[in-house]
Amino acid sequence: MMDWTDRHCRYLHRLMSRNTLLYTEMVTSPALVRGGALHLLKYHPSEHPVALQLGGSDPVELAEASSIGAEACYDEINLNVGCPSDRVQSGTFGAVLMKQPDLVAQCCAKMMEASPVEVTVKCRIGVDDQDPETVLPDFLERVSAVGVTRFSVHARKAWLQGLSPKENRDIPPLDYDLVYRMKERFPHLHLSINGGIQTLQEAQDHLARGLDGVMIGRAAYHNPLDVLGDADRLIYKDDHSISGDVVVHRMLPYIQSHLDEGGKLAQVTRHMLGLFAGKPGARMWRRVLSEGAHRPEAGTALVLEALSHVTDNQQAAGE
Ligand SMILES: Cc1cc2nc3c(=O)[nH]c(=O)nc-3n(C[C@H](O)[C@H](O)[C@H](O)COP(=O)(O)O)c2cc1C
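Residue numbering note: each chain is counted from 1, following its sequence as written. Per-residue local features are limited, in this predicted model, to residues with pLDDT of at least 70; the limit for side-chain atom pairs, both in listing and counting, is 80 or more; totals at the level of whole chains, interfaces and linings are taken over all residues.

- The name given to the protein in an unreviewed UniProt entry is tRNA-dihydrouridine(20/20a) synthase, with Shimia thalassica as the source organism.
- Recorded in UniProt under Cofactor (unreviewed entry), the annotation for the protein is "FMN". UniProt positions are given in the numbering used here, feature names are shortened, and annotations may be inferred rather than shown by experiment.

## Let's talk about helix 8 (residues 200-208)
- Counting other C-beta atoms within 10 Å of a residue's C-beta gives its exposure: the residue is buried at 20 or more, exposed at 12 or fewer, and partly exposed in between, where C-beta atoms are placed from the backbone. Helix numbers and strand numbers start at the N terminus; a helix is a DSSP run of H or I with at least 4 residues, a strand a run of E with at least 2. Burial in helix 8 covers these residues: Leu200, Ala203 and His206. All buried residues of helix 8 fall inside an arc of 110° around its axis, so they share one side. Along helix 8, the residues that are exposed and aim more than 90 degrees away from the buried face are Gln201 and Ala208.
- We call two residues in contact when the distance between their C-beta atoms, placed using the backbone, is within 7 Å. On the buried face of helix 8, the contacting elements are strand 6 (190-194), strand 7 (213-215) and helix 10 (224-234).
- Following helix 8 by one or two positions, Gly210 adopts a phi angle in the positive range, close to 105°. Each C-beta atom gives one direction from the helix axis, and the arc is the one those directions make.

## A short note on the sheet that holds strand 6
- Across the sheet, which stays open at both edges, the seven strands sit in the order 1-2-3-4-5-6-7 with parallel pairing between neighbours. Every other strand in the sheet has two partners, leaving strand 1 (22-28) and strand 7 as the edge strands with one partner each. Across the sheet, the mean angle separating the axes of adjacent strands is 25° when strand polarity is ignored.
- Between any two strands, pairing holds if DSSP finds at least two bridges. Here strand 3 (residues 76-81) runs beside strand 4 (residues 118-123); their pairing, made up of six bridges, is parallel. What counts as an axis is a line fitted to C-alpha atoms, over the stretch in contact for a helix, and the angles between N-to-C directions run from 0 to 180 degrees.

## Concerning the domain arrangement of the protein
- Its domain assignment divides the protein into domain 1 (7-234) and domain 2 (244-316).
- Here the C-alpha centre of domain 2 lies 30 Å away from the C-alpha centre of domain 1.
- Across the boundary between the two partners, domain 1 contributes eleven residues, which contact twelve residues of domain 2.
- Counting only elements with at least two residues in the side of domain 1 that touches domain 2, the list comes to helix 1 (7-16), helix 9 (218-222) and helix 10. Reported domain spans reflect what an automatic or database domain assignment gives.

## A short note on the site of the ligand
- Each residue receives a C-beta atom built from its backbone; the residue is near a molecule or strand if that atom lies within 6 Å of it. Not every one of the 21 residues close to the ligand is listed here, only the nearest: Met1, Met2, Met26, Gly217 and Arg218.
- For this scheme, ten residues count as nonpolar: Ala, Val, Leu, Ile, Met, Phe, Trp, Tyr, Cys and Pro. Four count as charged, namely Asp, Glu, Lys and Arg, and the remainder, Gly too, count as polar. Tallied by class, the residues present in the shell around the ligand amount to eight nonpolar, eight polar and five charged.

## Observations regarding the packing of helix 5 (residues 101-114) against helix 6 (residues 132-144)
- The interhelical angle for the contact between helix 5 and helix 6, taken along N-to-C directions, is 30°, at an axis separation of 8 Å. Looking at the two axes, helix 5 sits roughly parallel to helix 6. As helix 5 packs across helix 6, the resulting crossing turns out to be right-handed. Residues Pro101, Asp102, Val104, Ala105 and Cys108 of helix 5 pack against Asp138, Phe139, Arg142 and Val143 of helix 6.
- When grouped by side-chain class, the residues that make up the contact of helix 5 with helix 6 number six nonpolar, no polar and three charged. Orientation is classified from the angle alone, with under 35 degrees giving roughly parallel, over 145 giving roughly antiparallel, 65 to 115 giving roughly perpendicular, and any other angle giving oblique. Here is the rule for handedness: rotate from the far helix to the near one, and if that takes an anticlockwise turn smaller than a right angle the crossing is left-handed, while a clockwise turn gives right-handed.

## Description of unusual backbone geometry
- The linkage connecting His48 with the following residue, Pro49, adopts the cis geometry, with an omega of -5°.
- For Pro49, the location among the structural elements is in the loop between helix 2 (29-33) and strand 2 (50-55).
- For Asp3, which is not glycine, the phi torsion reads 70° and is therefore positive.
- In this structure, Asp3 sits in the segment before helix 1.
- Asp3 gets classed as exposed once you count the C-beta atoms within 10 Å, which come to 8.
- In this structure, Asp128 is a non-glycine residue whose phi angle is positive, near 45°.
- Assignment of secondary structure puts Asp128 in the loop between strand 4 and helix 6.

## Notes on the environment of Ile235
- Structurally, the position occupied by Ile235 is in the loop between helix 10 and helix 11 (244-260).
- For Ile235, a count of 17 C-beta atoms within 10 Å translates into the label partly exposed.
- Apart from the residues within four sequence positions on either side, Ile235 is in contact with Leu200 and Ala203.

Right, here's the structure in full:
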């Protein structure tokens, strides 16, 4: 997610779940190939498995970007066919490509030729006045014909005129049933569902309906402990769990090395604000970090100070 799932965010999220697949922010292929965005490829080895998401519509450029991503040892290269932002529309990237499935297929074919790493696609169910009942199966048919077998489907249309990117994540209605029907129609494809999923219980319900995966965006970011922190146990049957205060303590050396390299505290802690969402002390945790982390002298002591508000509250509540 652009501006959210940067490497600091992913490092944090990986501490909470060792099995979930994490995604980078979308990086456009021109930015990678023509230079300037190579720093966006940087990640910590602990982040695996991690997918690099690319945006673009030029098969040759996307192929080159995929090869760069594979060389950087990403575990998957994902093509964005879902982003509705204006900037992206103007470059013929993202959701507008739902109107050009043959071009998407061509892009994927070139990407697969160039990359030893699996190429996957994230798409919508359609855009504007398209009929998802015909557009989505046609899209899956044409793109899978070149060998793509994994798709994540954001189960709502993008309306490219008149809605902001944010509104396009909430206003077009969700149609989960269509995605279930796609799984029945294309049983050989690995289909993940995305859009509006808030809890792991909902994720489990989608898996019980036969889907192969569930992609959770905003809920995982805003409430990482409840989503990622229980995912290993509940979804992957892996006996791994971690408490919020242990996560914070594990972040401290990472934060310190970021500061030692000249980074700012807030660049990391902004992703940690939701760590105690809904728990006693959460408000003070957020407040201390959001008010203090921008100060030039701010360091790990501020994080410990913020944490003390949570632990004091836990002790008072007898936890
Ligand atoms: C701040 C933000 C940035 C996003 N950036 C991307 C992106 O770079 N690539 C992408 O495929 N989707 C992006 N999305 C969309 C999410 O991946 C997801 O499809 C959408 O939020 C619906 O899922 P959710 O309800 O679980 O959040 C972004 C969403 C948000 C809130």
